[in-house]
2 protein chains.
Amino acid sequence: MVDQIIEYIRNNKQRFIDELIEFLKIPSLSAQSRHKADCERAADFVRKQFSQLGLDAQLHPTAGNPIVTARHTSPENKTTVLIYGHYDVQPPEPLDLWTSPPFEPRIEGDNIIARGATDDKGQLFTHIKAVEAHLKTNARLPVNLIFVIEGEEEVAGVHVSEFIRTHRDDLKCDVAVVSDSSQYAPNMPALCYGLRGICAQEIRVQGPKQDLHSGSFGGAVANPVNVLCQMIAQLKDESGKIRIPGFYDDVLPLEQWEREAFAALPWDDEAFRQSLGVKALHGEETYTSIERKWARPTLDVNGIFGGYNGEGAKTIIPAWGGAKITMRLVPNQNPQTISRLFRDFIRKITPPTVEVSFIDHSSCGPVIVKRSAPFVAEALESLRRGFGAEPVFIREGGSIPIVLTIQQELNVHALLLGFGLPDDNAHGPNEKLSLTDFERGIRTSATFFHLCAQK
Amino acid sequence: MVDQIIEYIRNNKQRFIDELIEFLKIPSLSAQSRHKADCERAADFVRKQFSQLGLDAQLHPTAGNPIVTARHTSPENKTTVLIYGHYDVQPPEPLDLWTSPPFEPRIEGDNIIARGATDDKGQLFTHIKAVEAHLKTNARLPVNLIFVIEGEEEVAGVHVSEFIRTHRDDLKCDVAVVSDSSQYAPNMPALCYGLRGICAQEIRVQGPKQDLHSGSFGGAVANPVNVLCQMIAQLKDESGKIRIPGFYDDVLPLEQWEREAFAALPWDDEAFRQSLGVKALHGEETYTSIERKWARPTLDVNGIFGGYNGEGAKTIIPAWGGAKITMRLVPNQNPQTISRLFRDFIRKITPPTVEVSFIDHSSCGPVIVKRSAPFVAEALESLRRGFGAEPVFIREGGSIPIVLTIQQELNVHALLLGFGLPDDNAHGPNEKLSLTDFERGIRTSATFFHLCAQK
């Protein structure tokens, strides 16, 4: 039966690509309000895809872009799979770096080049076509399915979280799948089982009530920018270890098998160094680059400002200085706890000469899915069959808030099944998707539905 | 004879004020090219003032605004006094903070309110009127005089320095006077005998070749802004002492009499703290606020920048960060030496993960005039007689490059005889000059010419 499905996918691949091209032609940029109608058009395109397959598809308006849901339920199915995706895309600028217009999809060799090809239209399309393959060969689906496809992922829109929270009962499922990431390397499919969280803080150090003449006053008054630098310098030691008391208390240490698995992955520090253009790599001692990126918490200044930044010199003691700081968190660190520890420490090291204030920016908890979690084995086996290659079980250094929302609100594990490639240029010019991987992704998804039903 | 001069000044005060008003009406803003003709008009006004008195007055065109010189020489005079001043003014903006238009001088009580009233039209006018008083009561001047009045002081123009350098022989004199500063306090006239120098450096710390995703890369690569902060933090200890090796080697320590003289001045740390709006004062231990401001070197970040400074958060590792730093220098520190020590230290503390580069901004050496220097006693006595109050011998924390140029190029001491008040709002809205101080300044100048001839 699966063989028939695989054959259906092979036989219909060109039509799938043609339909994806229609989808990719819609400039559904969520960041630009003039593309609001395009976003609605993309949502409707997705809705129609589901309707044509006989799924119960609906458009849910929000204060932002609509959310599309689709549902297939059958009394004989034991398992319900929720699939998340997004139809909105990043702005294509700068346009001059594209070799062809971003919304005129072009096939070049094995790749389809267009904005949204991998992030996330192409990837979410794999699941739709997996559904089709099942229905057209077997007239039924082996699992119940719920799709939640949103249109504000690229602008960190809050509406999908709200939607999940308020539709908790409707969205009840056994496992969730998110295909918005990538393989570890070509022909090395991956299931991502860990994401870092984030705690973003802005601090402002206020000195004199206005900028002062550095000649007339310098020496007699603390310079808030010097103070800011001294405070930031105290946040980390030279090896990159964070010095905020209690910061590491909740960190889930890497297990031996993880360290071995990471070490077994193909990785070249020198190539990595060169790709970044840095003189030397840096980070906590006794951890490898992969461990530092995926599984260790960080503290980075994202921006710093204060005083004069124009041409030449301006001889002032600035009235204030500020910095935006993000900490990436690993399981089981809690962003609220970290925010409190950060502020307590900053207050403690603030000298009596200045005043400090804070702004809270985005925060999101880390995610981890144990190897023993439900459906992980099925996901890995699906990747193995879909890609014809041994999948790896990896983590990611970035943060995907929706994953935690799904896990917390629906009380299920969300499996990150990424079909793209690390060099697909998501968010960049000439975004692409391998047509081979597109087919492999459809196969993987179809196999996953099949295996979930066997469980 | 001096009594007659004093009487002439008193009798002609109103006319002097009327002429000053004409001078103040000219919006001679050197910072704005649309006021170039106004600057030329102001230069010509000054030239005419001298010509009417029979001095040999000349306009010297430069690539910027013209320099006015005027000369009075008599074979029987032993002493030549050079007087420096500037006819250009600061932009008056923000205009809404002025109670009357900045170029429509207004008398209010004892003050004349206009841009340039104290800085420097009113103050340079005192010397012109002192010349007139001598000539009109005595038909001669007791000293030879050379005036150098420039029009680019407010824009740190280089032309006057060039002019002095290239006219070194013509400008040969025994002493120079600069009236572009202020009394220590009302009725407390001052001779300023020390200025701090300056060494302005910009550093840039380069990390990755472009901004990086702080999730995907954070932890494995040094953040250049964190590094910049760590480096800046190492430049000073907690009490404000600079940690650059060799930085203090050439510092001329304060002598006991100076510390006593400073301590005897009226000063209130709490009032000072409140005026700045800081939570607490700060600076090197074992030095008073006045000593820190006037006679100790400093290091201040004037501006810092790197990464994202817009609204909200942007989760990047910035490609680079930079800072503008000025060090105020005291006698006998040399800006070139300090620049070298600064760079050597920065290079030494630069970690191997980043690259550092430098931009040199303005530098200028410190100035000190010993109490025993020629004409200091005469200057103090002139202030005593001109103001009818005991003058104080003070230093200033700022830097006035022209003073060092005069001292070095002409090999004479430049005496800073300031007639303004600390709250005259030079560079600010509602700039003013006390008409009483204007008259006292003319008396002081006239007395100084007289005493110099007696010497």
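**Considerations on the interface of chain B and chain A**
Counting residues at the interface gives 74 residues for chain B, matched by 74 residues for chain A. Summed over both partners, the interface of chain B with chain A buries about 5,500 Å², with 56% contributed by carbon and sulfur atoms. Connecting chain B to chain A are 0 salt bridges. Viewed at the interface, chain A and chain B are joined by 33 residue pairs in polar contact (both at pLDDT 80 or more). The leading source of residues in the side of chain B that touches chain A is strand 11 (residues 298–307) of chain B, at 10 residues. In terms of strand pairing, strand 11 (residues 298–307) of chain A meets strand 11 of chain B through 5 bridges, oriented antiparallel. Bridge assignment links Gly307 of chain A to a residue of strand 11 of chain B, and that residue is Gly303 of chain B.

**As for helix 8 (residues 269–276) of chain B**
Here helix 8 of chain B starts with a cap whose side-chain oxygen sits 2.9 Å from the backbone nitrogen of Glu270 of chain B, and that cap is Asp268 of chain B. Looking at the residues trailing helix 8 of chain B, positive phi occurs at Gly277 of chain B, about 75°.

**A short note on the packing of aromatic side chains**
The full count for this structure, using the stated rule, is 32 aromatic pairs over all chains. Taken together, a centroid distance of 5.8 Å and an interplanar angle of 35° make the contact between Tyr193 of chain A and Trp257 of chain A tilted. Residue Tyr193 of chain A is found in strand 8 (residues 190–195), and its partner Trp257 of chain A is found in helix 7 (residues 256–264); the two are separated by 64 residues along the sequence. Taken together, Phe23, Phe45 and Phe125 of chain A form an aromatic cluster joined through their ring pairs. When the ring centre of Trp320 of chain B is taken as origin, the NZ or CZ atom of Arg204 of chain B, which lies over that ring, is 3.7 Å away. Here Lys293 of chain B stacks its cationic end above the ring of Phe217 of chain A, 5.8 Å away from the centre of that ring.

**Notes on the nonpolar core**
Residue and element names in this part refer to chain B. By size, the foremost hydrophobic cluster in this structure holds 100 residues, and its most contacted members are Phe50, Phe147, Ile406 and Phe448. Take this core: its biggest share by element is 9 residues, from helix 1 (residues 2–24). Those residues in contact with Phe147 that lie beyond four places of it in its chain are Phe50, Leu55, Val68, Thr69, Ala70, Ile83, His127, Ile128 and Val131.

**Overview of unusual backbone geometry**
The omega torsion of the bond from Glu93 of chain A to Pro94 of chain A falls at 0°, within 30 degrees of zero and hence cis. You can see Pro94 of chain A is positioned in the loop between strand 3 (80–86) and strand 4 (106–108). If you check the backbone angles, Asn430 of chain B has positive phi at about 55° while not being a glycine. Within the secondary structure, Asn430 of chain B is located in the loop between strand 17 (414–418) and strand 18 (432–434).

**Quick word on the relation of the copies chain B and chain A**
A rotation about some axis, followed by a shift along it, carries one copy of the chain onto the other. Here chain B sits on chain A after a turn of 180° about the axis and a move of 0.0 Å along it, with an RMSD of 0.1 Å. What the rotation and shift describe, once combined, is the action of a two-fold rotation axis. In this assembly, 100% of the residues forming the interface of chain B have copies in chain A that are likewise at the interface, indicating an isologous arrangement.

**Digging into the packing of helix 6 (residues 224–233) of chain A against helix 6 (residues 224–233) of chain B**
When two helices pack together, their arrangement is given by the angle between their axes and by how far apart the axes lie. Interaxial distance between helix 6 of chain A and helix 6 of chain B falls to 8 Å at its minimum, and their mutual angle equals 110°. Between helix 6 of chain A and helix 6 of chain B, the interaxial angle falls into the category roughly perpendicular. For the crossing formed where helix 6 of chain A meets helix 6 of chain B, the hand is left-handed. For the pair formed by helix 6 of chain A and helix 6 of chain B, the contact residues are Asn226, Cys229, Gln230, Ile232 and Ala233 of chain A on the first element and Asn226, Cys229, Gln230, Ile232 and Ala233 of chain B on the second. Residue classes in the contact of helix 6 of chain A with helix 6 of chain B are distributed as 6 nonpolar, 4 polar and no charged.

**Describing the domain arrangement of chain A**
All names here are of chain A. Looking at the assigned domains, one finds that chain A contains domain 1 (2–195 + 366–454), domain 2 (197–251 + 298–364) and domain 3 (255–296). Here domain 1 and domain 2 have C-alpha centroids that lie 39 Å from each other. In this assembly, 9 residues from domain 1 lie in contact with 8 residues from domain 2. Carbon and sulfur atoms make up 67% of the area that domain 1 and domain 2 hide from each other, which totals about 650 Å². If you look at where domain 1 meets domain 2, you find 0 salt bridges. Counting the contacts that link domain 1 with domain 2 gives 2 residue pairs in polar contact (both at pLDDT 80 or more). Grouping the amino acids of the side of domain 1 that touches domain 2 by side-chain chemistry returns 5 nonpolar, 3 polar and 1 charged.

About the cut-offs
Residues numbered from 1 in each chain as written. Chains lettered and ligands numbered in written order. Predicted model: local features only at pLDDT ≥ 70, side-chain atom pairs only at ≥ 80, totals over all residues. Heavy atoms only, no water. Contact = heavy atoms within 4.5 Å. Buried area = accessible area lost by both parts, 1.4 Å probe. Salt bridge = Lys/Arg side-chain N within 4 Å of Asp/Glu carboxyl O. Polar contact = N/O pair within 3.5 Å; in protein donor to acceptor, adjacent residues only side chain to side chain. Helix = DSSP H or I, 4+ residues; strand = E, 2+ residues; numbered from the N terminus. Pairing = 2+ DSSP bridges. Phe/Tyr/Trp six-rings, centres within 6.5 Å; stacked < 30°, edge-to-face > 60°. Lys NZ or Arg CZ within 6 Å of the ring centre and 35° of its normal. Core = buried A, V, L, I, M, F, W, Y, C linked by side-chain atoms within 4.5 Å. Buried < 20%, exposed > 50% of the residue type's maximum accessible area, 1.4 Å probe, protein only. Least-squares fit on C-alpha atoms with pLDDT ≥ 70 in both. Axes fitted to C-alpha atoms, helices over the stretch in contact; angles between N-to-C directions. Parallel < 35°, antiparallel > 145°, perpendicular 65-115°, else oblique. Left-handed = near helix turned anticlockwise from the far one by under 90°. Nonpolar A, V, L, I, M, F, W, Y, C, P; charged D, E, K, R; others polar. Domains from an automatic or database assignment.

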